[in-house]
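Report on the structure
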Amino acid sequence: MPLPPFIEALAERDPEFYRAVKAVAETAMAPGALDAKTKTLITLALDAAHGASEGVAVLARQARDLGASEEEIREALRLAYFVAGNSVLATGGAAYR
C-alpha cells in the first residue's frame, strides 16, 4: 500500500520520523489475521469518519483493485457513519441531564 503524499513529504523534511512512520504503516498493513482487502476497507471507513475525502477516494480504488465489491465498500461506509454518528447521539445526551 503506497503511503499518502503528506507522509511521503516527510522523507525530505524529517527523514528519521519518516522512517518511523513508514515502519508503523508497513507493520499495520502487513499480512496477518486480516487480509489486505479487509485492512483497506477498515482504513477507508476510518478516513471517511475523519473527513479525509482524498484518502477515501484513493482507498476505494485500492480496495477495488484488491477485489472489493461495491457492496463491501458501501457496508464499510455505512459502518463509518454508524460509529461516527453514534458519538453525536451519545454526546447530545448531555443536553438532557
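Further up the page is the structure itself.
Starting afresh in each chain, residues are numbered from 1 along the sequence in its written order. pLDDT decides what is reported in this predicted model: residues at 70 or higher carry local features, side-chain atom pairs at 80 or more are listed and counted, and totals for whole chains, interfaces and linings draw on all residues regardless. Computation of side-chain values covers all heavy atoms of the structure but excludes hydrogens and water.

Numbering of helices and strands starts at the N terminus; helices are DSSP runs of H or I of at least 4 residues and strands are runs of E of at least 2. Within the secondary structure, T40 sits in helix 4 (residues 36-49). Under the scheme applied here, a residue whose accessible area is under 20% of the maximum for its type counts as buried, over 50% as exposed, and between as partly exposed, the area being computed with a 1.4 Å probe on protein chains only. Using a relative accessible area of 3% as the deciding quantity, one classes T40 as buried. C-alpha separation for the pair T40 and E75, spaced 35 residues apart in sequence, amounts to 13 Å. In this description, contact between two residues means that some pair of their heavy atoms is separated by no more than 4.5 Å. T40 has contacts with M29, L59, Q62, A63 and L66, leaving out every residue within four places of it along the chain.

A helix is expected to span 1.5 Å for every residue after the first. For helix 5 (residues 53-65), built from 13 residues, the straight-helix expectation of 18 Å at 1.5 Å per residue is met to within 8% by its first-to-last C-alpha distance of 18 Å. Within helix 5, the full set of buried residues consists of G55, V56, L59, A60, Q62 and A63. The arc that holds every buried residue of helix 5, seen down its axis, measures 165 degrees, which confines them to one face. In helix 5, the exposed positions angled more than 90 degrees off the buried face are occupied by S53, E54 and D65. Buried residues along helix 5 sit against helix 4 and helix 6 (70-92). Note that the arc is computed from the directions linking the helix axis to the C-beta atoms.

Take the buried Ala, Val, Leu, Ile, Met, Phe, Trp, Tyr and Cys residues and link them wherever side-chain atoms come within 4.5 Å; each set so joined is a nonpolar core. Counting nine residues, the largest nonpolar core consists of L41, L44, V56, L59, A60, A63, A68, I73 and A76. Secondary-structure elements contributing two or more residues to this core are helix 4, helix 5 and helix 6. Tallying contributions element by element places helix 5 first for this core, with four residues. Look past the residues within four positions of A68 in its chain and what remains in contact with it is K37, L41, A63 and I73.

A word on a nonpolar patch on the surface. Patch members must show over 30% relative accessible area and no salt bridge, and they are joined within 9 Å when carrying like charges or within 5 Å when they are nonpolar side chains of Val, Leu, Ile, Met, Phe, Trp or Tyr. Throughout, the Shrake-Rupley method with a 1.4 Å probe supplies accessible areas, and for residues the shown protein chains are the sole cover considered. Whenever Lys or Arg places a side-chain nitrogen within 4 Å of a carboxyl oxygen from Asp or Glu, that contact is recorded as a salt bridge. On the surface, L34, I42 and L46 cluster together into a nonpolar patch covering about 250 Å² of accessible area. Checked against the element boundaries, I42 lands in helix 4. With relative accessibility at 39%, the residue I42 sits in the partly exposed group.

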